[in-house]
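Structural overview for review
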Amino acid sequence: MSEEELEKLRYPIGKFNMEQHITDEHVEQFILSIGQLPAKLRQTLGNMTPEQWDTPYRPDGWTVRQVIHHIPDSHLNGYTRLKIALTEEIPTIRTYNQEEWAELLDSTQGDPEISLSLLAALHMRWVLLLKTLTPEQLNRRLIHPESGECTIRQNIGVYAWHGEHHLAQIQALKDRKGWSTEAQITDMNNTTSL
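So, here's what we can say about the structure.

**Quick word on the layout of surface pockets**
Gaps between atoms show up when a probe of the same size as a water molecule is rolled over them. Approximately 980 Å³ is the volume attributed to the largest pocket. Around the largest pocket, the lining is made up of 32 residues, and of these Gln98, Glu146, Val158, Trp161 and His162 lie nearest the centre. Mapped onto the lining of the largest pocket, the elements with two or more residues apiece are helix 4 (64-87), helix 5 (98-102), strand 1 (141-144), strand 2 (148-151) and helix 9 (152-177). Of the residues forming the lining of the largest pocket, the biggest block, eight residues, is contributed by helix 9. Its residues assigned to classes, the lining of the largest pocket shows 12 nonpolar, 14 polar and six charged.

Below, the structure written as structure tokens:
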């Protein structure tokens, strides 16, 4: 597999552009995306089996199970970073080692339902706060030690992209393996017998 093909598997929707001008309308769309992610993820996981959960989404990549657990790990950090940025002046946020977190037993063996439930509750709370932000709050800044300074509005965009990015990784794997088609055929067979 070529580097270009691996890059497409790793970033099926491309990378988030931190340089783009982010309007209030963009922020509304980002918040909508964050709010819809838990349901979209549940729908995408659909009828997947435990064996399918343990399939890497790309060569040398995380398994679907690890991706599912990674999303709330990341988004819990995102929610916390938002609250810190809202209550401190240009804070430097703390990073975490996502590669090592993904190798912990709760990520490699845990039931994905645990993280799906966590993600649903977290996103309800996160969206509740995001919808109340004023233009001044959206322009508050925080510093990420690796990627530098950004506004809250940019950070919201990063997390909206992040959820869609991992959702697309799982969907692309299902499409390549023909798992989406199998589930649709099974559903059709179950509904056509009258």
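**Observations regarding the packing of aromatic side chains**
Inspection of the entire model under this criterion finds four aromatic pairs. Ring geometry for phenylalanine 16 and phenylalanine 30: centres 6.3 Å apart, planes at 65 degrees, overall edge-to-face. Of the two residues, phenylalanine 16 sits in the loop between helix 1 (3-10) and helix 2 (24-45) while phenylalanine 30 sits in helix 2, which places them 14 residues apart along the sequence. Take phenylalanine 30: its relative accessible area is 12%, and that puts it in the buried class. Each ring, one from tyrosine 96 and one from tryptophan 101, has its centre 4.4 Å from the other, and the planes form 45 degrees; the classification is tilted. Relative accessible area serves as the criterion here: at 17%, tyrosine 96 is assigned to the buried category. Sitting above the plane of the tyrosine 11 ring, lysine 15 keeps its charged end 4.9 Å from the centroid.

**Details of empty space enclosed by the protein**
Tallied over the full model, the rule gives one cavity of 30 Å³ or more. Taken as a whole, the largest cavity spans an internal volume of roughly 30 Å³. Lining of the largest cavity is provided by Gly78, Leu82, Trp126, Leu130, Asn155, Ile156 and Tyr159. Taken together, the elements giving at least two residues each to the lining of the largest cavity come down to helix 4, helix 7 (112-130) and helix 9. In terms of residue count, the dominant contributor to the lining of the largest cavity is helix 9 (three residues). For the lining of the largest cavity, the class distribution of residues is five nonpolar, two polar and no charged.

Cut-off values and rules
- Residues numbered from 1 in each chain as written.
- Predicted model: local features only at pLDDT ≥ 70, side-chain atom pairs only at ≥ 80, totals over all residues.
- Heavy atoms only, no water.
- 1 Å grid on protein atoms, 1.4 Å probe; cavity = no way out; pocket = protein on both sides within 12 Å on 5 of 7 lines; lining within 4 Å.
- Points joined across faces, edges and corners; volume = space filled by probe spheres on them.
- Helix = DSSP H or I, 4+ residues; strand = E, 2+ residues; numbered from the N terminus.
- Nonpolar A, V, L, I, M, F, W, Y, C, P; charged D, E, K, R; others polar.
- Phe/Tyr/Trp six-rings, centres within 6.5 Å; stacked < 30°, edge-to-face > 60°.
- Buried < 20%, exposed > 50% of the residue type's maximum accessible area, 1.4 Å probe, protein only.
- Lys NZ or Arg CZ within 6 Å of the ring centre and 35° of its normal.

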